[in-house]
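This is what each chain is made of:
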Amino acid sequence: GAGVSQSPSNKVTEKGKDVELRCDPISGHTALYWYRQSLGQGLEFLIYFQGNSAPDKSGLPSDRFSAERTGGSVSTLTIQRTQQEDSAVYLCASSLGAGSDTGELFFGEGSRLTVL
Amino acid sequence: QKEVEQDPGPLSVPEGAIVSLNCTYSNSAFQYFMWYRQYSRKGPELLMYTYSSGNKEDGRFTAQVDKSSKYISLFIRDSQPSDSATYLCAMRRPSNTGKLIFGQGTTLQVKP
């Protein structure tokens, strides 16, 4: 497809388990972002990858959260030892990258995580 | 205090009404201002983009930025049921291309 693809679309897990969320950005987009959307909380920035530069990890809420981007394309967000407060929709977005002044991020439909 | 404040609503209006959505912010370094629209269980999509202060019009939509008051607005004229969605304001500093700071989002319902 032409858009940002995320998987799984829904994930239910037990507290303490690890989860991996995948994002496949739009082809040719050099920038990739992860945001978290909790009920009534808006979008919370997590991490940003731009080309080969070191990622901006300033939004990761704890060291249980990590993300990597392989080959400048697909990204995986990993949450270790999940907690109930991690329940949210995790949104991935991509853009043309630095210099794209319109700021247009193209979002996927998100991965809905529920931690029981 | 959050960097960007937005009333979550919900806001319910009759079809054809003029809708006003607003955000305030605290960081005077923000220079790029956007409005995203998000339908239920979908990702947000860019609706309007404005650089610095001023107005921008696109069809039934008008975005306004007042940097002196740290206040941005989105107006929707002749609102339609298809406009029912959550509207999120977003903004960023010039030096940080990627990191958009979003408001909480306002849920709008336009009733036929």
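Conventions used here
- Residues numbered from 1 in each chain as written.
- Chains lettered and ligands numbered in written order.
- Predicted model: local features only at pLDDT ≥ 70, side-chain atom pairs only at ≥ 80, totals over all residues.
- Heavy atoms only, no water.
- Helix = DSSP H or I, 4+ residues; strand = E, 2+ residues; numbered from the N terminus.
- Buried < 20%, exposed > 50% of the residue type's maximum accessible area, 1.4 Å probe, protein only.
- Contact = heavy atoms within 4.5 Å.
- Areas by Shrake-Rupley, 256 points an atom, 1.4 Å probe, with all protein chains shown as cover.
- Lys, Arg positive; Asp, Glu negative; His and termini not counted.
- Charge placed at Lys NZ, Arg CZ, Asp CG, Glu CD.
- Phe/Tyr/Trp six-rings, centres within 6.5 Å; stacked < 30°, edge-to-face > 60°.
- Lys NZ or Arg CZ within 6 Å of the ring centre and 35° of its normal.
- Pairing = 2+ DSSP bridges.
- Axes fitted to C-alpha atoms, helices over the stretch in contact; angles between N-to-C directions.
- Salt bridge = Lys/Arg side-chain N within 4 Å of Asp/Glu carboxyl O.
- Disulfide = S-S within 2.5 Å.

Q: Outline the overall build of chain A, supporting the account with residue identities and numerical values.
A: Within chain A one finds 0 helices and 10 strands. Going residue by residue from the N terminus, the α and β elements of chain A occur as β-β-β-β-β-β-β-β-β-β. In terms of overall dimensions, chain A has C-alpha extents of about 40 × 25 × 25 Å along its principal axes. Residues classed as buried in chain A amount to 48% of the 116 residues present. Considering only contacts in chain A between residues 6 or more positions apart, those separated by 24 or more positions represent 55%. Total accessible area on chain A stands at roughly 5,600 Å², and carbon and sulfur atoms take up 45% of it. Mean positive and mean negative side-chain charge positions of chain A (10 and 13 charges, respectively) differ by 6 Å.

Q: If you had to explain the packing of aromatic side chains to someone new, which residues and values would you point to?
A: Under the criterion given, the structure shown has 11 aromatic pairs over all chains. Judged by centre distance (4.9 Å) and plane angle (10°), the ring pair of Tyr33 of chain A and Tyr48 of chain A falls under stacked. Pair noted here: Tyr33 of chain A is in strand S4 (residues 31-37) and Tyr48 of chain A is in strand S5 (residues 43-50), with a separation of 15 residues, a long-range link. Among the aromatic residues, those joined into a cluster by ring pairs are Tyr35, Phe45 and Phe107 of chain A together with Tyr36 and Phe102 of chain B. Note that Arg92 of chain B overlies the ring of Tyr32 of chain B, its terminal NZ or CZ placed 4.1 Å from the centroid.

Q: How would you explain the sheet that holds strand S6 (residues 54-58) of chain B if you had to name every residue and give the values?
A: Residues and elements named next belong to chain B. A sheet is described by the order of its strands in space; here 5 strands give the open sequence S1-S3-S8-S7-S6, paired in antiparallel fashion. Each edge of the open sheet is held by one strand with a lone partner, namely strand S1 (4-5) and S6. With 2 bridges joining them, S1 and strand S3 (residues 19-25) adopt antiparallel strand pairing. Within the sheet, the bridge partner assigned to Glu5 lies in S3 and is Thr24.

Q: Give me the sheet that holds strand S6 (residues 65-69) of chain A: which residues, what numbers.
A: All names here are of chain A. Read from one edge of the open sheet, 4 strands run S1-S3-S7-S6, paired in antiparallel fashion. Each edge of the open sheet is held by one strand with a lone partner, namely strand S1 (5-7) and S6. Taking the axes of each pair of neighbouring strands and ignoring which way they run, one obtains an average angle of 15° across the sheet. Two strands pair when backbone bridges link them, and S6 and strand S7 (residues 75-79) are joined in this way by 5 bridges, in the antiparallel orientation. Within S7, the position partnered with Ala67 by the bridge is Leu77.

Q: Which residues make up the pattern of salt bridges, and what are the values?
A: Residues and elements named next belong to chain A. Counted under the stated rule, the structure contains 6 salt bridges over all chains. Taking the shortest distance from any N to any O, the salt bridge between Glu44 and Arg36 comes out at 3.0 Å. A salt bridge links Asp86 to Arg64, with the nearest nitrogen and oxygen atoms 2.8 Å apart. Residue Asp86 is found in the loop between S7 and strand S8 (88-95), and its partner Arg64 is found in the loop between S5 and S6; the two are separated by 22 residues along the sequence.

Q: Give me the state of the cysteines: which residues, what numbers.
A: In this structure the tally under the stated criterion is 2 disulfides over all chains. Disulfide pairing is shown between Cys23 of chain A and Cys92 of chain A; the S-S distance is 1.9 Å. Classification of the bridge connecting Cys23 of chain A and Cys92 of chain A rests on its S-S torsion, roughly -70°, and on that basis the disulfide is left-handed. Within this pair, whereas Cys23 of chain A is found in strand S3 (residues 19-24), its partner Cys92 of chain A is found in strand S8, the two being separated by 69 residues in sequence. As far as burial versus exposure is concerned, Cys23 of chain A and Cys92 of chain A are alike and both buried. Paired through a disulfide, Cys23 of chain B and Cys89 of chain B show a sulfur-sulfur distance of 2.0 Å. One disulfide, between Cys23 of chain B and Cys89 of chain B, carries an S-S torsion of -100° and so falls in the left-handed class.

Q: I'd love a proper account of unusual backbone geometry, names of residues and values included.
A: Cis geometry is adopted by the peptide bond preceding Pro8 of chain A, which originates at Ser7 of chain A and carries an omega value of -10°. Within the secondary structure, Pro8 of chain A is located in the loop between S1 and strand S2 (10-13). Here the amide bond leading from Gly9 of chain B into Pro10 of chain B is cis, since omega sits at 10°, within 30 degrees of zero. Following the sequence through the fold, Pro10 of chain B ends up in the loop between S1 and strand S2 (11-14). The backbone of Arg41 of chain B shows a phi angle near 60°, a positive value even though the residue is not glycine.

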